[in-house]
Amino acid sequence: MKRACQAVLGYAYLIVLFASLIFFLRPNASLFYKKSTIDLHRISRDGLAYSYPLYLNTRFFNPATLVMAEDGQQMFFDTVHQVRSGKWSSYSIAEVNQNQLIIIFTPGKSSSAMINDHSYQVAIKPHIISKNLWRFIFTIHMFGLVLFILQALIDKEKRQTIIRSPKGMVQVWIQFLNPPLTASERTKNGFIPPITLLNASANAILSAYLLVFMEWLFTITKPSVLDSVDFSKKVEVFFIASLVVSLVALSALVIVIILDFLLKPIFPVYRKFAIHFPASFLISCLGLLLIDNFTYTIFNFGIFDAKLVMNLLYGFGLLLGIVFIAGKLSAMNPLNRKSGMTKSIIAVSLLAPSLFFAVLAVRDSNPVDNLKTVHPLKTNRPNIVLLSSDALSANNMSLYGYERDTTPFLRELANSSLIGQSHFSNSNLSTGSETSILTGKLPITTHVLYPPDILQGQGAYEHLPGILKSRGYLTTSLGVDYYIDARVLNLQNGFDYVNCTKVTISPLSGLFSGHDQLIFFLQNTADRLFNRISHIYYLHKIQNPFDLVTQSETSVPEDQRKLECFRSELEEAVQNGTPLFAHIHLMGTHGEYYFPESRVFSAGRIQGQPKMTDFYDDAIRDFDQYVQQVVQDLTEAGIYDNTILVIYTDHPNGNDPRDRIPVLINFPGGAHAGIITANTQNIDIAPTILDYMGIAPPDWMEGISLLKDVDPGRLLIAAEPVEVDFNKAGEPVVPKDKLNPPFYQFGKLIIIQCQTWFSYDLKGNTITKGEIENHKSPCLPGSLESEEGLRKKIGEMLVLRGFDLPDDW
């Protein structure tokens, strides 16, 4: 143990010595700075200057080291914090808190209109990269090195070694780190032979690559987030992900080795098996995933469906696999150098391209700072609650004139609210629709319709919750695992809580920012594995996401659980004095069958067939009561009078985006109450909220504020996917022959103008046309788009959003 500590400390001493020399001599090297480019579309005016929030952890990064450049030239730092337009470009830090800096800057010309003629970059160093700090560390370590040399020169044998060869000092140092052991010392201490460590390390690395390869192969052979990239990018994802898992496995091996010094005298058998545990664990986990995939594919049964007995079998099988494989590995000849070297060569051959790809990925990463939305420094900050129920049709709500009183509370609330009379969805599926609501973008812009579609690149940071979180909001999303899950959708820096769980930021997000497919693949692989392990060992019961959207009897307890989480997070926001943004998606009105708590219209009836109206109407009435409960919770918390409450849905019952859906927005004090008869759509919700707050909606939002005049002849666009089905594991299964360029998962676009709808079949390149029944704001026929004009406009929109039009368009 003493020798091991001596070696570890010696190597650490050298590493710190050389690191301190580099930091001391080159503390301002570009390598040590976190750099980002300011997106000029996302800055805000602040008087005569411009403001930009830089999002980072100021406990780690030092605001005093921030530098800003205009067109590659360093700008003047105004120490008196009074930046103003003039001859010289200048900048200042106006505000600092734990998570962001507010930078005020002006261009180098007197006219602020010239801002678009410039490019701006910012760079900042961590606190730890300090010249004075590392000068002190370097001095201390040099002093220690001098003492070591003097001590070596006093010793006759060491002095002769130093004098005899230019490498003498190095030999003395190596001898100090690794003193030769006598035979009795080897027997007494029982050190792990180097060849055994080499074998264990190689096994851990190769097991990591095997696990990642099988998951990677599983991912690329089914619809996944990797569909959107070419094969070279897929290969990059495999190698970098394998490197990450290998490093985790090697870290576990280090822990095993450390424990070896403590446990070997007590449990002699420990070393024989434990040193192979990292490799055996990874191989056993791979077996668990393969078995689960096989049983789901063949028998529609898997771990998430397992009950008590099957859970015990899964859990026992995993432990048995770990022990069995560790035993097999330990039975191999640990001193077989040829075998160890062969495996080591293979491991190094795999690590080399992984390191190459990883270095390129880190160097080419796009910092998230320039992907955030920027707003004026001071705005109104009301609490905001987006409350929806899945598949809610306006035609079945008394709020919209339905003969049955299915929404008594909403009818009363409507007197002080803004109501969209002809409101429509932007997608016929929940994932695409909710993404559009939170981003204010069309599905053809986000390219998100259903899992495994995710927001990618810059789009992962452009959304309403991110804007609000940057302004100090506590943000929570209560949706459905997998289908309406902000983590799965890759809404970066958007929510503090997702589905009742506090969000933690992966360190890989900062290291490989801009490489969303890689991060998503790693997170998905880790979730697939640890969710299954948690389930079989009763650490956390995982609900099959497919059951959540197909077994309607689960909707009532799940909806109640979401509202309990909402109350908890509401209490946290009130206690901390922060405004709350809550996105709540309930499921009681979704499904083939309904299980309402209040049986008003379905009293005495048996639900003998799917989609019975009496039961659906009672489910809507339940939702109405949930709305009343939320209002009561807000009132009891003392914040209802400063809350924007938005009632909406993702898509109508029947999933036809040509059917009307509800939207009700209740502003504080009943402001803006009234009825909008012109067509509106879900992507209008986010811009409306920002407009009320005094924030100009960013350019990337495609909706409009409903607080301004709405053009009755505007085009509304909804997207429908190609044929899609879901397996028992709750994952989308799309026929490969349907996922063809140029439109891939997009099958149809529904365009609505006034009372007319157009259905554009993207695969067949045909248009059909029809009328919306009982439309409240019809237009004259001559004011509507012709089919040829519509085809041209839609084509231009698709090209701008990255689609290639077919030759026969």
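Look a little higher up for the structure.
Draft legend 1. Broad picture of the nonpolar core. If you look at the biggest cluster of nonpolar residues, it comprises 53 residues, and the most contacted ones within it are Leu226, Ile240, Leu288, Phe512 and Leu518. Put simply, the parts of the chain that give this core at least two residues each are α6 (194–220), α7 (231–263), α9 (277–299), α10 (308–331), α11 (337–364) and α18 (516–536). Counting residues in each nonpolar core, the second largest holds 42 residues, with Leu570, Leu586, Tyr594 and Val627 among its members.

Draft legend 2. Representation of the packing of aromatic side chains. Overall, the coordinates contain 17 aromatic pairs when judged by the stated rule. With centroids separated by 6.1 Å and ring planes inclined at 50°, the aromatic side chains of Phe743 and Trp809 adopt a geometry described as tilted. Taken together, the residues Phe743 in the loop between β21 (732–733) and β22 (746–753) and Trp809 in the segment after α23 (787–800) connect sequence positions 66 residues apart. In this pair, the class of Phe743 matches that of Trp809, namely buried. Here Tyr760 and Trp809 contribute two aromatic rings whose centre-to-centre distance is 4.8 Å and whose plane-to-plane angle is 5°, an arrangement assigned as stacked. Taken as a pair, Tyr760 in strand β23 (residues 756–761) and Trp809 in the segment after α23 lie far apart in primary sequence, 49 residues in all.

Draft legend 3. Spotlight on the environment of Ala573. Secondary-structure assignment places Ala573 in helix α20 (residues 555–576). Residue Ala573 is classed as buried on the basis of its relative accessible area of 2%. For the pair Ala573 and Asn383, spaced 190 residues apart in the sequence, the C-alpha separation amounts to 9.7 Å. Apart from the residues lying within four places of it in its own chain, the contact partners of Ala573 are Leu474, Thr578 and Leu580.

Draft legend 4. Examining the environment of Asn642 more closely. Tracing the backbone through its elements, the reader meets Asn642 in the loop between α21 (613–636) and β16 (643–648). Spatially, the C-alpha atom of Asn642 lies 9.9 Å from that of Asn380, the residues being 262 residues apart in sequence. For Asn642, the contacting residues outside a window of four places in its chain are Arg381, Pro382, Asn383 and Pro668.

Draft legend 5. Summary view of the pattern of salt bridges. Applying the stated criterion to the full structure yields 18 salt bridges. In this structure, the salt-bridge partner of Asp684 is Arg714, at a minimum N-O distance of 2.9 Å. Here Asp684, found in the loop between β18 (674–681) and α22 (685–693), pairs with Arg714, found in the loop between α22 and β19 (715–721); they are 30 residues apart in sequence, far enough to count as distant. We note that Asp684, like Arg714, is buried. Look at the salt bridges and you will find they share partners, linking Arg404, Arg605, Asp614 and Asp617 into a network.

Reading the values: the criteria
Residues numbered from 1 in each chain as written. Predicted model: local features only at pLDDT ≥ 70, side-chain atom pairs only at ≥ 80, totals over all residues. Heavy atoms only, no water. Core = buried A, V, L, I, M, F, W, Y, C linked by side-chain atoms within 4.5 Å. Buried < 20%, exposed > 50% of the residue type's maximum accessible area, 1.4 Å probe, protein only. Helix = DSSP H or I, 4+ residues; strand = E, 2+ residues; numbered from the N terminus. Phe/Tyr/Trp six-rings, centres within 6.5 Å; stacked < 30°, edge-to-face > 60°. Contact = heavy atoms within 4.5 Å. Salt bridge = Lys/Arg side-chain N within 4 Å of Asp/Glu carboxyl O.

No statement about biological role is implied by the geometric values presented.
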